[in-house]
Amino acid sequence: MMAKKKNNGRAQGTWVTKELLRSDAFRSLSSTHKDIWLFILTLRVFGKDAKGNNDYLQLQNRSNLKAPTVAIQDFFHGPAWGMSMPPYNADTIRKAIKRFLAVGFLSIIRQGGNGPGDQSVYQFEDKWKLWKIGDPPCFTKQGLIRGKGFCQPKSGVFFTTSARK
């Protein structure tokens, strides 16, 4: 059984805006994808203000997010946390991350998968604010890093880190 972290009596959680909840990008997610996205939001690391409280405008790991499938599965592992549903399988998690890239929540900084422990590195994006239902995800045949993300139809603008270089 996993030991719970000490948190000085404060509940652990994450900060979510109304803008995110009302966005087309968030509302287009399935309930499974929403669960996984909310967990990924808990992986954010915020800076501190002068009083030592979280400053939600200072995202410290914006360009260094690792979301390993095993960590996501462990979080949703039913028996460990009293949940009756089984954890999501690896394929479901991969599809969810692909969807997050498609609607502009994430971009991919470095593609992993070159052996054990080689994780993909993602960056939090605000492009979901621009994404509207009907905007197609853009995929090219020039490699996964360049192809993941979304674009405005017929604009030729790719919202991925490597495409901006």
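These remarks concern the structure in this document. (Residues numbered from 1 in each chain as written. Predicted model: local features only at pLDDT ≥ 70, side-chain atom pairs only at ≥ 80, totals over all residues. Heavy atoms only, no water.)

With respect to the overall build of the protein
Short version of the rule: Under the scheme used here, helices are H or I runs from DSSP no shorter than 4 residues and strands are E runs no shorter than 2 residues, and both carry numbers assigned from the N terminus. Relative accessibility under 20% of the residue-type maximum defines a buried residue, over 50% an exposed one, and the middle range a partly exposed one, all with a 1.4 Å probe and only protein chains included. Two residues qualify as a contact provided that any one of their heavy atoms is within 4.5 Å of a heavy atom in the partner residue. Working definition of accessibility: Shrake-Rupley area with a 1.4 Å probe, residue cover restricted to the visible protein chains.
From N to C terminus, the protein includes eight helices and four strands. Across the protein, helices and strands are ordered from the amino to the carboxyl terminus as α-α-α-β-β-α-α-α-β-β-α-α. Counting only residues that meet the buried cut, the protein has 33% of its 165 residues in that class. Intrachain contacts of the protein at a sequence separation of at least 6 include 49% that bridge at least 24 residues. Only carbon and sulfur atoms are counted for the fraction: they give 54% of the accessible area of the protein, which is about 10,500 Å².

With respect to the packing of aromatic side chains
We count it as follows: Stacked, edge-to-face and tilted labels apply to pairs of Phe, Tyr and Trp rings (six-membered ring for Trp) whose centres lie within 6.5 Å, assigned for plane angles under 30 degrees, over 60, and everything in between, in that order.
According to the stated counting rule, one finds five aromatic pairs in the structure shown. With a centroid separation of 4.4 Å and an interplanar angle of 20°, the aromatic rings of Trp37 and Phe105 are classed as stacked. Remark: Phe105 occurs in the loop between helix H6 (90-103) and strand E3 (106-110) and Trp37 occurs in helix H3 (residues 31-41); sequence separation between them is 68 residues. Both residues of the pair, Trp37 and Phe105, belong to the buried class. Ring centres 6.3 Å apart and planes at 70° place the aromatic pair Phe100 and Phe105 in the edge-to-face group.

Notes on H3
The set of residues buried in H3 consists of His33, Ile36, Trp37, Phe39, Ile40 and Leu41. Where H3 is buried, its residues touch helix H1 (18-22), helix H2 (24-27), helix H4 (69-75), H6, E3 and strand E4 (121-124).

A short note on H6
Put simply, the rule reads: A helix is expected to span 1.5 Å multiplied by its residue count minus one.
With 14 residues, H6 extends 20 Å between its outermost C-alpha atoms, agreeing within 8% with the 20 Å of an ideal straight helix rising 1.5 Å per residue. The complete set of buried residues in H6 reads Ile93, Ala96, Ile97, Phe100, Leu101, Ala102 and Val103. Of the surrounding elements, those touching the buried residues of H6 are H2, H3, H4, E3 and E4. Note on H6: the residue one or two positions beyond its end, Gly104, has a positive phi of about 95°.

Re the nonpolar core
Inside soluble globular proteins, nonpolar side chains tend to come together where they are buried. Quick note on the threshold: Among buried residues, the Ala, Val, Leu, Ile, Met, Phe, Trp, Tyr and Cys ones that are joined through side-chain atoms within 4.5 Å form a nonpolar core.
Counting residues in hydrophobic clusters, the biggest one holds 27 residues, and the most contacted among them are Ile36, Trp37, Ile40, Phe100, Phe105 and Leu106. Of all elements in the fold, only H2, H3, H6, E3 and E4 reach the threshold of two or more residues within this core. Of the residues forming this core, the biggest block, six residues, is contributed by H6. Setting aside anything within four residues of it in sequence, one finds Leu106 in contact with Trp37, Leu65, Phe100, Leu101, Tyr122, Gln123, Phe124 and Glu125.

As for the environment of Tyr88
Turning to its location among the elements, Tyr88 is positioned in the loop between helix H5 (78-81) and H6. Take Tyr88: its relative accessible area is 11%, and that puts it in the buried class.

Description of the pattern of salt bridges
The condition is simple: Each salt bridge in this description consists of a side-chain nitrogen of Lys or Arg and a carboxyl oxygen of Asp or Glu lying within 4 Å of one another.
Here the structure, examined in full by the defined rule, presents four salt bridges. Asp91 serves as the salt-bridge partner of Arg94, at 4.0 Å between the closest nitrogen and oxygen. Here the residue Arg94 and the residue Asp91 both occupy positions in helix H6, the gap between them amounting to three residues, near one helical turn. Look at Asp91 and you get partly exposed, because its relative accessible area is 37%. Residues Lys95 and Asp91 are paired through a salt bridge, measuring 3.4 Å at the closest nitrogen-oxygen approach. Highlighted residues: Lys95 and Asp91, both in helix H6, separated by four residues, approximately one helical turn. Connected via shared salt-bridge partners are Asp91, Arg94 and Lys95.

Focus on the pairing of strand E2 (residues 54-59)
Successive side chains on a regular strand alternate, one facing one side of the sheet and the next facing the other. Definition in use: DSSP-based pairing: two strands are paired if at least 2 bridges between them are found.
Across three bridges, strand E1 (residues 46-48) lies against E2 in antiparallel orientation. Bridging across to E2, Lys48 finds its partner in Asn54. Between E1 and E2, which pair antiparallel one after the other, the connecting turn spans five residues, and Gly52 there sits at a positive phi close to 90°.

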